[in-house]
Amino acid sequence: MGCSGCSTGRGCSTASTGLPGGCKNNGSCGSGGCNKLNVFNWLANMELPSGQPEFDIVEIRFKNSRKEFFRNVNNLQLFVGDVVAVEASPGHDIGIISISGELVRLQMKKHKADPTSQEIKKVYRKAKQTDIEKWQEAQGLEQATMYRARTFAVKLGLQMKISDVEYQGDRTKAIFYYTAEDRVDFRELIKVLAEEFKVRIEMRQIGARQEASRLGAIGSCGRELCCSTWLTDFRSVSTSAARYQQLSLNPLKLAGQCGKLKCCLNYELDSYMDALKDIPEVNNVKLETEKGRAFHQKTDIFRRRMFFSYTHEPDNFIQLTVDRVKEVMEMNKEGNKPADLLVHVEKKHVEKTPDYENVVGQDSLTRFDKSKKPKFKNNNKKRNPAGPNSNAAQPEGQQKARPNNENKPANTNRPNRRPNDKPNPNTNRQPNEKQANPNANTDRPVNDKPNPNPNRPATDKPNNNNRPRPNRPNNRPKPRPNNNNPNTNNPPPPPAPPAS
């Protein structure tokens, strides 16, 4: 669960420059990388008063969440992320500085550590390249050693679980972390491990919460476990914390990755306890009314609402305020019974005053908008095949009234003829004066426009208006051009011979 550049979780740094590594921060990370239990040094930019020396104790982080305080006896210039060699028993160990400066004084006060104690170990030097190489070789042996130690524990029949192994920086000592429910006699196991790995063996028993903190995991909330990221003190969690918060006592939902109750059950417990101080205890108390006896169903703590139901109507939930419940309980102590749980309030009829704000529509934002017309007209309407003047296509009641010819006197002088015998329009027609004498109008010249070019002789163009029209024979029908068929080229009719 450490930074992406180091799979062991110890963190990464550059020994030569002293800059923290991990997420390519180039030394700008204030917490020393992206490792476990990082602390932001909010006192780093504050200068000390003149004449006051810098605090000579630093906090150093080892594998996973193990941190210890060491004294800088050589007055080395140390920064967050530096790899240093520190005192160990026996030999020396390699660790990374997590906090330096005045913030270490506050951390020691929080952990109740004495800065003047002589038991605080020393910082030897900044780690050399040979120290770092030997330290990295020891880290590569930890996982294989853990699997081998589990095999030996199973063969010896020990009821224990070895969860982690940590080698010392000089590779002379190994710490085995294990969990067990009962006391375990591991003296024979220590002999076997010492002969197998040729190092000094130390066994440390940890709890289930510490095991989850060292290993790390993802919780049911979707985030990393609190114990492996920022939580350092493990307080006891009881089932009463779930009862106060009205949670279902389901072990599968209340248990964490370690198999114990979740530490987050204590986060909001104080808020619930403060809210429950003003809410009466009614779990075993029943409210007496004239309508019947009512018992408690549930409580909305932060909204201060309590729900009751009558014994003869258990499915009907009645919502009451905390003050109303207290009132009914006081009445029951005095021997009185209210008519009902609810408080009957007379509703007053309030006349609605007229609203004069919108008399002219000043708050309407769309009063000047034009109605949108359809962009395309419907051209698929059925047309009247009989013509626009036909009454067949018009609806009933809108047809034009036709004149009644029944009372009209018949024309007795009209000759009888067949429908196809059309009368000749030129029969008994007197000739027009213009047709009889085309040149009768002699007052207007044929071409009265002046010649704009005097050098050019004027052309005598015939006047089409005064051109005589030929008389057609009476029995010859007038040809009609076929305009419906554009492909048909109908030649114009030949001109009729002029009248003699």
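Since this is a predicted model, take the numbers as computed values, not measurements.

## Notes on the overall build of the protein chain
Looking only at helices and strands, the protein chain has eleven helices and twelve strands in total. When the 500 residues of the protein chain are sorted by exposure, 29% land in the buried category. Taking as baseline every contact in the protein chain between residues at least 6 positions apart, the subset at least 24 positions apart corresponds to 58%.

## A few points about the packing of aromatic side chains
Tallied over the entire structure, the rule returns four aromatic pairs. Between the aromatic rings of Phe62 and Phe70, the centroid separation amounts to 6.0 Å while the plane-to-plane angle is 65°, which identifies the pairing as edge-to-face. Pair check on accessibility: Phe62 and Phe70 agree, each one buried. Ring centres 4.9 Å apart and planes at 70° place the aromatic pair Tyr272 and Phe302 in the edge-to-face group. Linking Tyr272 in helix 9 (residues 269-275) with Phe302 in the loop between strand 10 (293-300) and strand 11 (305-310), this pair joins segments that are 30 residues apart in sequence. Above the face of the Tyr177 ring, Arg214 is positioned so that its terminal group lies 3.8 Å from the ring centre. In this structure, Lys298 packs its charged tip against the face of Phe307, placed 5.0 Å from the ring centre.

## With respect to the environment of Glu313
Along the chain, Glu313 turns up in strand 12 (residues 313-321). When the C-alpha positions of Glu313 and Arg293 are compared, they lie 10.0 Å apart, and in sequence the two are 20 residues distant.

## Looking at helix 10 (residues 322-333)
The terminal C-alpha atoms of helix 10, which comprises twelve residues, lie 17 Å apart, in line with the 16 Å expected from a rise of 1.5 Å per residue. Taken together, the buried residues of helix 10 touch strand 9 (287-288), strand 11 and strand 12. At the C-terminal side of helix 10, Gly335 shows a positive phi close to 90°.

## With respect to the confidence of the model for the protein chain
Considering every residue of the protein chain, the mean pLDDT works out to 76; 63% of them sit at 70 or more. Contacts of residues 1-22 to residues separated by more than four positions or lying in other chains number 60 contacts, the stretch itself having pLDDT below 50.

## Structural notes on the sheet that holds strand 8 (residues 200-205)
One open sheet accounts for three strands, arranged 6-7-8; its pairing is mixed. Both edges of this open sheet fall to strand 6 (161-167) and strand 8, since each of them pairs with a single strand only. On average, each strand axis in the sheet is tilted by 25° relative to the strand beside it, whichever way the strands run. Sheet analysis places strand 7 (residues 173-179) next to strand 8, joined by six bridges and oriented parallel. Bridge pairing links Phe176 to Met203 in strand 8. Where helix 3 (residues 142-155) meets the sheet, it contacts strand 6 and strand 7, and its direction lies at approximately 145° from that of strand 6.

## Quick notes on unusual backbone geometry
Of note, the amide linkage connecting Ser89 to Pro90 takes the cis form, showing an omega dihedral of -10°. Structurally, the position occupied by Pro90 is in the loop between strand 3 (83-87) and strand 4 (92-99). At Arg171, a position not held by glycine, the phi torsion is positive, near 65°. Positionally, Arg171 belongs in the loop between strand 6 and strand 7. Assessed through its relative accessible area of 38%, Arg171 is described here as partly exposed.

## Describing the packing of helix 3 against helix 4 (residues 187-197)
Packing of helix 3 against helix 4 leaves a shortest axis separation of 10 Å and a crossing angle of 140°. In terms of orientation, helix 3 and helix 4 fall into the oblique class. Crossing angle aside, the handedness with which helix 3 passes helix 4 is right-handed. Here Thr145, Arg148, Ala149, Phe152 and Ala153 of helix 3 lie close against helix 4, whose contacting residues are Leu189, Val192, Leu193, Glu196 and Phe197. Grouping the amino acids of the contact of helix 3 with helix 4 by side-chain chemistry returns seven nonpolar, one polar and two charged.

## Description of helix 4
Residues lying three or four places apart along an α-helix face the same way, a consequence of the helix completing one turn every 3.6 residues. Taken as a whole, helix 4 has its buried residues at Leu189, Leu193 and Phe197. Down the axis of helix 4, the buried set is contained in an arc of 40°. They therefore lie on one face. In helix 4, the exposed positions that point more than 90 degrees away from the buried face belong to Arg187, Lys191 and Glu195. One or two positions beyond helix 4, positive phi appears at Lys198, with a value near 60°.

## Overview of the state of the cysteines
Within the structure shown, the criterion is met by zero disulfides. Unpaired in terms of disulfides, Cys226 finds its nearest cysteine sulfur in Cys221, a separation of 6.4 Å. Judged by relative accessible area, which is 27%, Cys226 ranks as partly exposed. A disulfide-free cysteine, Cys227 has its sulfur positioned 6.3 Å from the sulfur of Cys263, the nearest such atom.

## Quick word on the sheet that holds strand 10
Strand order in the open sheet formed by four strands is 9-10-11-12, with antiparallel pairing between adjacent strands. Lying at the two open borders of the sheet, with one neighbouring strand each, are strand 9 and strand 12. Where strand 11 and strand 12 come together, five bridges link them in antiparallel fashion. Among the inter-strand pairings, Tyr310 is bridged to a residue of strand 12, identified as Glu313. On the sheet, helix 10 packs against strand 9, strand 11 and strand 12 and is oriented at approximately 105° with respect to strand 12.

## A look at the pairing of strand 3
Burial runs high along strand 3: four of the five residues are buried. The sheet contact formed by strand 3 and strand 4 spans five bridges and is antiparallel. For Val84, the partnering residue across the bridge sits in strand 4 and is Gly95. Between strand 3 and strand 4, which follow one another and run antiparallel, lie four residues, and Gly91 among them has a positive phi close to 80°. Bridging between strand 3 and strand 5 (residues 121-126) involves three bridges; their strand directions are antiparallel. Within strand 5, the residue paired with Val86 across the bridge is Val123.

Calculation notes
Residues numbered from 1 in each chain as written. Predicted model: local features only at pLDDT ≥ 70, side-chain atom pairs only at ≥ 80, totals over all residues. Heavy atoms only, no water. Helix = DSSP H or I, 4+ residues; strand = E, 2+ residues; numbered from the N terminus. Buried < 20%, exposed > 50% of the residue type's maximum accessible area, 1.4 Å probe, protein only. Contact = heavy atoms within 4.5 Å. Phe/Tyr/Trp six-rings, centres within 6.5 Å; stacked < 30°, edge-to-face > 60°. Lys NZ or Arg CZ within 6 Å of the ring centre and 35° of its normal. Expected span 1.5 Å × (residues − 1). pLDDT = per-residue confidence, 0-100. Pairing = 2+ DSSP bridges. Axes fitted to C-alpha atoms, helices over the stretch in contact; angles between N-to-C directions. Parallel < 35°, antiparallel > 145°, perpendicular 65-115°, else oblique. Left-handed = near helix turned anticlockwise from the far one by under 90°. Nonpolar A, V, L, I, M, F, W, Y, C, P; charged D, E, K, R; others polar. Arc of directions from axis to C-beta. Disulfide = S-S within 2.5 Å.

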